[in-house]
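# Structural description and commentary
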Amino acid sequence: MFVVIAFMAFQAAMWTHARTETRAAARDAAVLVGRFGAAPDDVERSTLESLDAKSAVDVVEVEIAAIDEIRDRGTVRVTIRARANGILLGTSTDVTVTEVVPFEEFRP
């Protein structure tokens, strides 16, 4: 019984870690576009590469709107869909994280 409970706790910790990594990547991506004016396509690509290098998640999709849509809305929305790996086969879970920050384009 103890072993089952210990594995359940460890599995929950793995899922939480994967969600935290995904949320941090989404937040960083949103800040790069919203505050530093980075190109959304470049940020999408680098975020995908960064998360692919981590073993806790398998990234399905990184979604950032086009710059025209971001300017119209005044916010940068980054959505990452991934799969958090589990201890055993069949114990993976889907993770979807969305971060939104204001678009603060540099104005001289």
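Everything quoted here is computed from the prediction, not taken from an experiment.

Cut-offs and rules
Residues numbered from 1 in each chain as written. Predicted model: local features only at pLDDT ≥ 70, side-chain atom pairs only at ≥ 80, totals over all residues. Heavy atoms only, no water. Axes fitted to C-alpha atoms, helices over the stretch in contact; angles between N-to-C directions. Helix = DSSP H or I, 4+ residues; strand = E, 2+ residues; numbered from the N terminus. Parallel < 35°, antiparallel > 145°, perpendicular 65-115°, else oblique. Left-handed = near helix turned anticlockwise from the far one by under 90°. Contact = heavy atoms within 4.5 Å. Nonpolar A, V, L, I, M, F, W, Y, C, P; charged D, E, K, R; others polar. Expected span 1.5 Å × (residues − 1). Buried < 20%, exposed > 50% of the residue type's maximum accessible area, 1.4 Å probe, protein only. Arc of directions from axis to C-beta. Salt bridge = Lys/Arg side-chain N within 4 Å of Asp/Glu carboxyl O.

Below, the discussion takes up the packing of helix α1 (residues 2-34) against helix α2 (residues 40-52). Geometry of a packed helix pair, given as the angle between the helix axes and the separation of the axes. Closest axis-to-axis distance for the α1/α2 pair is 10 Å, and the angle between their directions is 160°. With respect to α2, the element α1 is oriented roughly antiparallel. Regarding α1 and α2, the two cross each other, and that crossing is right-handed. On α2, the residues that touch Glu-21, Thr-22, Ala-25, Ala-29, Leu-32 and Val-33 of α1 are Pro-40, Val-43, Thr-47 and Leu-51. Considered class by class, the residues forming the contact of α1 with α2 number seven nonpolar, two polar and one charged.

Attention now goes to α1. An α-helical turn contains 3.6 residues, so any two residues separated by three or four positions project in the same direction. End to end, α1 covers 48 Å across 33 residues, agreeing with the expected 48 Å (1.5 Å per residue, within 8%). Of all the positions in α1, only Gln-11, Ala-18, Glu-21, Thr-22, Ala-25, Ala-26, Ala-29, Ala-30, Val-31, Val-33 and Gly-34 are classed as buried. Buried residues along α1 sit in contact with α2, β1 (57-64), α3 (67-73), β2 (75-84) and β3 (93-102).

Turning next to α2. Here α2 contains 13 residues, and its C-alpha end-to-end distance of 18 Å stays within 8% of the 18 Å for a straight helix at 1.5 Å per residue. The set of residues buried in α2 consists of Pro-40, Val-43, Thr-47 and Leu-51. Seen along its axis, α2 keeps its buried residues to an arc of 60°; they face one direction. Seen from the buried face of α2, the exposed residues on the opposite side, beyond 90 degrees, are Asp-41 and Glu-49. Packing partners of the buried residues in α2 comprise α1, β1, α3 and β2.

With the rule as written, the count across this model stands at eight salt bridges. Residue Arg-23 pairs with Glu-99 through a salt bridge whose shortest N-O separation is 2.9 Å. Residue Arg-23 is located in helix α1, and its partner Glu-99 is located in strand β3; the two are separated by 76 residues in the primary sequence. Among the residues examined, Arg-23 registers a relative accessible area of 36% and is labelled partly exposed. In this structure, Glu-63 and Arg-81 form a salt bridge, with 3.3 Å as the shortest nitrogen-oxygen distance. Within this pair, whereas Glu-63 is found in strand β1, its partner Arg-81 is found in strand β2, the two being separated by 18 residues in sequence. In this structure Glu-63 comes out as partly exposed when scored by relative accessible area, which is 37%. On the accessibility criterion, Arg-81 (31% relative accessible area) is partly exposed. Salt bridges linked by common partners bring Arg-23, Arg-27 and Glu-99 together as one network.

As for its placement among the helices and strands, Asn-85 is situated in the loop between β2 and β3. By relative accessible area, which is 19% here, Asn-85 ends up buried. If we ignore the near neighbours within four places in the chain, the residues touching Asn-85 are Gln-11, Met-14, Trp-15, Ser-55, Ala-56, Val-57, Asp-58 and Ser-92.

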